[in-house]
Amino acid sequence: MRFEGRLLGGTHLLAAVGIVVALSGTGIVSADASVQMDTDEHGLGENETATLWSNAPNACISNAEYEERYGEERTVMQELGNCTDITFKTPPDTAERWTASDYESLDGGNARTSIYPEHATITDSTLIADAHVTTFAIHPSTRAHLDATETVHYIAPEGELRGLVDYRIRLENNSSIQTHGIDEIRLLRDGDVVDTIGGTQTPTFDYEFDRGGSATLTLEADISARVKSRVGNETEVSTDRVTVSQDLEVEIYELRTSIYHASYPNGDSGVAIYQAQPWHGYTLSDDGEAKVRGVWRYYTARETDWDELTHATQRGRETVDSDALPVYVHAYPSELGPRTEPIRDGPEILEVWGTESTSPEPSIHENVDVDVVSDTYTRSYGLALRHDIIDPDAVTVEGIVRGVSADIVEPDGGSEREIRESNLSVEIVDSNATAVTVAITLRDAETGSPIMLESPFDDPRFSVIGHDSREGYITIDDQRVRTNADGVAEITIDQPGIYTAEYHPGSWRSHSPAYVGDTATETWHPLATPTGWFTLLVDFVRYAIPFAVALNAAKRIGSFLKIRETL
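Residues numbered from 1 in each chain as written. Predicted model: local features only at pLDDT ≥ 70, side-chain atom pairs only at ≥ 80, totals over all residues. Heavy atoms only, no water.

The secondary structure content of the chain amounts to 6 helices and 32 strands. Taken over 567 residues, the chain has a buried fraction of 47%. A separation threshold of at least 6 residues defines the contact pool for the chain, and within that pool the share at least 24 residues apart is 70%. Surface summary for the chain: the accessible area is close to 28,000 Å², and the carbon and sulfur share equals 46%. (Helix = DSSP H or I, 4+ residues; strand = E, 2+ residues; numbered from the N terminus. Buried < 20%, exposed > 50% of the residue type's maximum accessible area, 1.4 Å probe, protein only. Contact = heavy atoms within 4.5 Å. Areas by Shrake-Rupley, 256 points an atom, 1.4 Å probe, with all protein chains shown as cover.)

In structure tokens:
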């Protein structure tokens, strides 16, 4: 990339050959020329402008070198933007503000010149050449780098789409243009017309979609021309008409959330939140203090396809630097999992549901330097949380597209769940000298009813009619056990020691009532039972007899030898 310094509106357009400096009055350009970017004209502060250009190489020149080269000091944010790429905790509005302002600098050609970006799809016909319609930008939107191969362009259900339409007229000798123009431009979703506007080279559509999901947006334009030609002594009039179009694959980001609520016996609140789309964060309290942040962070970068424009005429083609550069918000996973705020006293994450995804690092532009996860990460679609205060009416779910928050959907079966205390007990019911049988009993602490953990889906033949089985298990002696319809499980232990049983209840989201866990402890040693003492005595006698015989024999031999010495 080449950058040139210019003085614009009292600010320097920073540039240098082969580097990018993302500052006030910065030029972000293609390989052949510079494009001015005057901060004052775009309505962005110099610190905001410094954050826009993550696709550009980082030069990291010193403050002294900068001042010597440009004769002025730079801000801390400008210095940071010169050395690295600046990221955001939330989707910023700077990309949309810059793009809307820069779009005003975009102009089409005249009847003899067609202007188009390098990625445009060009159409030629008899009289009309180099015709195209190309999307300039669509906002609010976010390009989410989900994994190594998947990047999804999420757009808000309500926003603006901007484009460029252009063409040129073919003229032979002795011919002239009578009329020409863009007749109509249409925006379609999956083949259905959303909106229609009259002819303009820079169309803007204000759209509003009533449903989300994957969509093919099509920008379509009708172009016509009428040319008069003189052939000998006769005059001929020729007409031509072409329709040009471009498809844009997007995901309309309609964030819908199901929320389950519960109250713990100690007064804590529980909430489980589900949404199919990537999410930015949760707010759980009316004062906004209790929050959960997802894995996503954001950066802004220009659309490099618009770095250069081709000016096509009947004589040939010339490539120039674009006067307008669209900028987009990009989302990337920066953490291995969601985290809560405040850190110490914030909500407790009980469970995370999601899919394991590979690092999206290969899908990110080579010049972008951000803290993207390098290993696999969980792309979560649900969280279970516990906190001392969660206000059900204050729960909000913010999306990764700026300005989009979730619609709360009442789940089937209602959103309220009851959580009760459980009572776990352990008792030795049978024993011998080498082992004991322990009975573990699990009951509802409030009603005394047994809690059955055996799942009828394990073996439908043994499903107990009239008893509700539930997920969950009990751990003891490095084993998992489940209670039967009477709330009892038995286990045999053959090693002495202290044994603690712990109840791990299933999720409260799928049970009503649900339970909190409990623990119980039992100690066993063979000497703790009469049988154990009797066995120990028998063993002692059995092993002591040979020693007694040997000792008696030794005494007799000693006495015999002593008598011999006396004689």
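So that's the structure; there's more coming.
For the coordinates displayed, the defined rule picks out 10 aromatic pairs. Plain terms: the ring middles of Trp53 and Trp98 are 5.1 Å apart, the flat faces sit at 85° to each other, and that makes the pair edge-to-face. Highlighted residues: Trp53 in the loop between α2 (46–49) and α3 (63–70) and Trp98 in helix α5 (residues 94–103), separated in sequence by 45 residues. Ring geometry for Tyr154 and Tyr253: centres 5.4 Å apart, planes at 70°, overall edge-to-face. Note that Tyr154 is positioned in strand β5 (residues 151–169) and Tyr253 in the loop between β10 (234–252) and β11 (256–263), a separation of 99 residues in sequence. In this structure Tyr154 comes out as buried when scored by relative accessible area, which is 4%. (Phe/Tyr/Trp six-rings, centres within 6.5 Å; stacked < 30°, edge-to-face > 60°.)

To continue, consider the sheet that holds strand β16 (residues 308–313). In spatial order, the strands read β3-β16-β17; together these 3 strands make up an open sheet with antiparallel pairing. Each of the sheet's edge strands pairs with one partner strand only, and the pair in question is β3 (114–117) and β17 (316–321). Each adjacent strand pair in this sheet contributes to an overall mean axis angle of 25°, direction not counted. For β3 and β16, the ladder comprises 4 bridges, and the chain directions are antiparallel. Bridging from a neighbouring strand, Tyr116 pairs with Thr310 of β16. (Pairing = 2+ DSSP bridges. Axes fitted to C-alpha atoms, helices over the stretch in contact; angles between N-to-C directions.)

Glancing now at the pairing of β5. Along β5, 15 of the 19 residues are buried, which leaves the element largely enclosed by surrounding structure. Linking strand β4 (residues 128–145) back to β5 in an antiparallel pair, the connection comprises 5 residues.

A few words now on the nonpolar core. In terms of nonpolar packing, the biggest core is built from 41 residues, with Leu217 and Ile223 touching the most fellow members. Where this core is concerned, the elements lending two or more residues are β4, β5, β6 (175–189), β8 (204–208), β9 (213–231) and β10. Considering every element that reaches this core, the biggest residue donor is β9, with 7 residues. Residues contacting Leu217, with those up to four places away along its chain left out, are Ile138, Ile155, Leu161, Leu187, Leu188, Arg189, Phe209, Gln246, Asp247, Leu248 and Val250. Of all hydrophobic cores here, the second largest spans 39 residues; its members include Leu146, Tyr154, Ala290 and Val327. (Core = buried A, V, L, I, M, F, W, Y, C linked by side-chain atoms within 4.5 Å.)

The antiparallel open sheet is built from 3 strands, whose spatial order is β25-β26-β29. Only two strands of the sheet have a single neighbouring strand rather than two, namely β25 (422–431) and β29 (488–493). In this sheet, adjacent strand axes meet at a mean angle of 25° when their direction is disregarded. Relative to β29, strand β26 (residues 436–444) runs antiparallel, the two being bridged by 6 bridges. Counterpart to Val438 in the pairing with β29 is Ile491.

With that settled, consider the environment of Asp305. When you line up the elements, Asp305 lands in the loop between β15 (296–302) and β16. Of the residues examined, Asp305 reaches a relative accessible area of 27% and is grouped as partly exposed. Not counting chain neighbours up to four residues away, the residues in contact with Asp305 comprise Pro117, Glu118 and His119.

Counting buried residues along strand β21 (residues 377–387), 9 of its 11 residues qualify, which places the element largely inside the surrounding structure. With 6 bridges joining them, strand β12 (residues 269–275) and β21 adopt antiparallel strand pairing. In the strand pairing of β21, Val271 is matched with Leu385. Where strand β20 (residues 348–357) meets β21, 9 bridges bridge the pair, whose relative direction is antiparallel. Among the inter-strand pairings, Glu356 is bridged to a residue of β21, identified as Thr378.

Bringing the environment of Leu442 into the picture now. Relative to the assigned elements, Leu442 resides in strand β26. Taking C-alpha positions, Leu442 is 9.2 Å from Leu453, a pair spaced 11 residues apart along the chain. Residues in contact with Leu442, not counting those within four places in the same chain, are Ser422, Asn423, Leu424, Ser449, Pro450, Ile451, Leu453, Ile474, Thr483, Gly487 and Tyr503.

A separate point is the pattern of salt bridges. If you walk through the whole model with that rule in mind, you get 22 salt bridges. Among the charged side chains, a network of salt bridges with common partners joins Asp183, Glu184, Arg186, Glu220, Asp222 and Arg241. (Salt bridge = Lys/Arg side-chain N within 4 Å of Asp/Glu carboxyl O.)

On to the environment of Val227. When you line up the elements, Val227 lands in strand β9. Since its relative accessible area comes to 2%, Val227 is described here as buried. When the C-alpha atoms of Val227 and Ser238 are compared, they prove to be 5.3 Å apart, with 11 residues separating the residues in sequence. Setting aside residues up to four positions removed in sequence, Val227 forms contacts with Leu127, Ile169, Leu171, Ser175, Ser176, Ile177, Gln178, Glu236, Val237 and Ser238.

As a further point, take a negative patch on the surface. On the surface, Asp286, Asp287, Glu289 and Asp393 cluster together into a negatively charged patch. Assignment of secondary structure puts Glu289 in the loop between β13 (279–283) and β14 (291–293). By relative accessible area, which is 53% here, Glu289 ends up exposed. (Patch = residues over 30% accessible without salt bridge, like charges linked within 9 Å, V, L, I, M, F, W, Y side chains within 5 Å. Lys, Arg positive; Asp, Glu negative; His and termini not counted. Charge placed at Lys NZ, Arg CZ, Asp CG, Glu CD.)

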